[in-house]
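Each chain, written out:
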Amino acid sequence: MVTKAPGPEAAERAGRAPELHFRGRTDMPEDVNLLDPDLFPRGSGPPREVFNAWREDDPLHWNPPNPDYPPPGVAVPTRGFYVLTRYKDVADVSRNQRVFSSHPGGPIIWDWEGEPLRRQQAGLMGMPIEQHRAARRLVVPPFTRSELMAFQPEIDAVAREIVDEVAGLGECEFVFDVASKLPVYTFCRLTGVPAEERDTVARLGNLNADVESWGGPEEGSLTAELFRIAGEIAAEKRRRPDKSLMSRLANSEADGDRLDPMALNMFFVTMSIAGHETTRSTAAHFVRLMNEHPDQYDLVRSDPDRRLPNAIEEVLRYAPPVVNFRRTVTEKVELHGTTLDVGDKIYLSYPAANRDPEMFPDPDRFDVTRENAARHLAFGIGPHSCIGARLARMQLFSLLREMIARMPDIRHGEIERMRSIWFDSVIRMPVTFTPEK
Ligand code: HEM
């Protein structure tokens, strides 16, 4: 039985954070359609109470298509799908690529066809199993611990420069003046984007992350521009190989494995969104959650070197920036008493899994000392889990440690969230703080 979501007052009485409320909405959980880009910005984050009700009573929830979404000419229509909200289900399905594949329909919930689908399938996230295994062997080495450790001093230096630019001002717009700069720099550095193209890549990455306009007139040219930059870098790296990621990928034939040009281009496009949008939003969610939970911020500030790593994990658990990925069923399979057919779509809900009480006791409590916070699924799990997770953690640690040291009383003003069914992303966050002398 699905019960009506409790109102904000009930949660308030229980002493929980305002973010938990499905604010001002009276929908019954069965009326909520996840194909509504206004669903998240209208409240403040994913519809927690709805996910809670589904997790409890309807663990394989059927989400029908929404006749009003997407509007004609923009983004791609989508059939209905099954929503998984339990931690174990999201983890089990993510691990089982053979039956729940990222390939036939791509990893994204929209139903692409023709060339756009082919592009999704050519990228790391949408490749067939065997090809994916070989491609991971190629792309993972630069993201291993030892390689990234060598990169750490540079990341620290850039984090310092970013904070240098704003610390004396007393106010700034946090998302673009601070949070997005480090991932853009890191991405460009890793892939060998020349300094004069950095702003273009940042702009294209931002535009590309605005997924509600995909399929619109701009999308083809955006992707084409990123492909052009990727192609130029790859050609240069073939002429003059070095140790950068793109050089390794472009010259990989020597290893026997090979990324074809489309796969290489798509890898570049994926990284320009995946590595940027997500990391910057996590930094913004960190500031937001520390403002909402001053006692937790005091704890972090009292010993950042010790407390910050786990605080970052708790932010990722509590407010994962990626809201869902998709899988497509490849053979008849039974799940929660329902037989799924070949071609059925699965929506993996990371925010719901991350609040599953079976895994995280008292899941709505934001607790930077939570022992198993790092078991969140914000980075996915299984064969397609995030290759940039370690890098993202390093960047967030460097940037936030610098921020805490030099802008300790940072406070945010009115937040604007991205209008999206895919990302829980902050796109504007004015902040104030005592200017550094
Ligand atoms: C807080 C930051 C980040 C979050 C929350 C995040 C989230 C995710 C998630 C949920 C997946 C799983 C996709 C699936 O299972 O279908 C993923 C995969 C991926 N991420 Fe990240 N990501 C972050 C940062 C990064 C960074 C910094 C990079 C690279 C510079 C990156 C590159 C990728 C790539 C290439 C994949 C595809 C892996 C594959 O399919 O084998 N991500 N990410």
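So, a few notes on the structure that sits alongside this text. (Residues numbered from 1 in each chain as written. Predicted model: local features only at pLDDT ≥ 70, side-chain atom pairs only at ≥ 80, totals over all residues.)

1. Some details on the overall build of the chain
Logical step 1: Scanning the chain from N- to C-terminus turns up 18 helices and 12 strands.
Logical step 2: The buried share of the chain, taken over its 437 residues, is 47%.
Logical step 3: Partitioning the intrachain contacts of the chain with sequence separation of at least 6 by distance along the chain shows that 73% fall at a separation of at least 24. (Helix = DSSP H or I, 4+ residues; strand = E, 2+ residues; numbered from the N terminus. Buried ≥ 20, exposed ≤ 12 C-beta atoms within 10 Å, placed from the backbone. Contact = placed C-beta atoms within 7 Å.)

2. Regarding the packing of helix 14 (residues 277-292) against helix 18 (residues 389-406)
Logical step 1: Two elements in contact, helix 14 and helix 18, have axes whose closest approach is 10 Å; the angle formed by their N-to-C orientations is 40°. On the basis of their axis angle, the class for helix 14 and helix 18 is oblique. Taken as a pair, helix 14 and helix 18 cross one another with a handedness that is right-handed. The residues of helix 18 that touch helix 14, namely those facing Thr278, Thr279, Thr282, Ala283 and Phe286, are Ala392, Gln395, Leu396, Leu399 and Leu400.
Logical step 2: Here the contact of helix 14 with helix 18 is built from residues that sort into six nonpolar, four polar and no charged. (Axes fitted to C-alpha atoms, helices over the stretch in contact; angles between N-to-C directions. Parallel < 35°, antiparallel > 145°, perpendicular 65-115°, else oblique. Left-handed = near helix turned anticlockwise from the far one by under 90°. Nonpolar A, V, L, I, M, F, W, Y, C, P; charged D, E, K, R; others polar.)

3. What about the sheet that holds strand 8 (residues 345-349)?
Logical step 1: Ordered by their spatial adjacency, five strands build an open sheet running 1-2-8-5-3, and the pairing between neighbours is mixed. Each edge of the open sheet is held by one strand with a lone partner, namely strand 1 (60-63) and strand 3 (100-101).
Logical step 2: Looking at chain direction, strand 5 (residues 324-329) and strand 8 are connected through five bridges and run antiparallel. Across the sheet, the residue bridging to Arg326 is Tyr347, located in strand 8.
Logical step 3: On top of the sheet, helix 4 (residues 87-95) reaches strand 2 (81-84), strand 3, strand 5 and strand 8; it is set at about 125° to strand 8, its chief contact. (Pairing = 2+ DSSP bridges.)

4. Notes on the environment of Val83
Logical step 1: Here Val83 is to be found in strand 2.
Logical step 2: Overall, Val83 belongs to the buried group, with 24 C-beta atoms counted inside 10 Å.
Logical step 3: Residues Val83 and Phe51, 32 residues apart in the sequence, show an inter-C-alpha distance of 9.4 Å.
Logical step 4: Excluding anything up to four places from it in sequence, Val83 contacts Leu34, Trp54, His61, Asn63, Tyr347 and Ser349.

5. Thoughts on the nonpolar core
Logical step 1: Grouped together as the largest cluster of nonpolar side chains are 116 residues, with contacts concentrated most on Leu264, Phe267, Ile346 and Tyr347.
Logical step 2: Counting residues per element, this core draws most heavily on helix 13 (residues 261-274), which supplies nine residues.
Logical step 3: Sequence-distant contacts of Tyr347, that is, excluding residues within four places in its chain, are made with Leu34, Asn63, Phe81, Tyr82, Val83, Leu84, Ile109, Asn324 and Arg326. (Core = buried A, V, L, I, M, F, W, Y, C linked by C-beta atoms within 7 Å.)

6. Quick word on the site of the ligand
Logical step 1: Surveying the vicinity of the ligand reveals 27 residues, the closest of which are Gly275, Thr278, Gly380, Cys386 and Gly388.
Logical step 2: Mapped onto the shell around the ligand, the elements with two or more residues apiece are helix 13, helix 14 and helix 18.
Logical step 3: Of the residues that constitute the shell around the ligand, the class distribution is 15 nonpolar, 11 polar and one charged. (Near = placed C-beta within 6 Å.)

7. What to know about the pairing of strand 5
Logical step 1: A large share of strand 5 lies buried, amounting to six of its six residues.
Logical step 2: The two faces of strand 5 match: Asn324, Arg326 and Thr328 on one face and Phe325, Arg327 and Val329 on the other face are all buried.
Logical step 3: Here strand 3 pairs with strand 5 via two bridges, running antiparallel. Paired with Ser101 across the two strands is Thr328, which belongs to strand 5.

8. Brief notes about unusual backbone geometry
Logical step 1: The phi torsion at His336 lies on the positive side, around 45°, for a residue other than glycine.
Logical step 2: You can see His336 is positioned in the loop between strand 6 (333-335) and strand 7 (338-340).
Logical step 3: At Asp362, a residue that is not glycine, the phi angle is positive and equals roughly 45°.
Logical step 4: Take Asp362: it is sitting in the loop between helix 17 (350-353) and helix 18.

9. Considering the packing of helix 9 (residues 181-191) against helix 18
Logical step 1: With their axes 10 Å apart at the nearest point, helix 9 and helix 18 run at an angle of 135° to one another. Put simply, helix 9 runs oblique to helix 18. Pair helix 9 / helix 18 crosses with right-handed handedness. Of the residues in helix 18, those in contact with Leu182, Pro183 and Thr186 of helix 9 are Leu391, Gln395 and Leu399.
Logical step 2: Along the lines of polarity and charge, the residues of the contact of helix 9 with helix 18 split into four nonpolar, two polar and no charged.

Geometric values such as these leave the question of function open.
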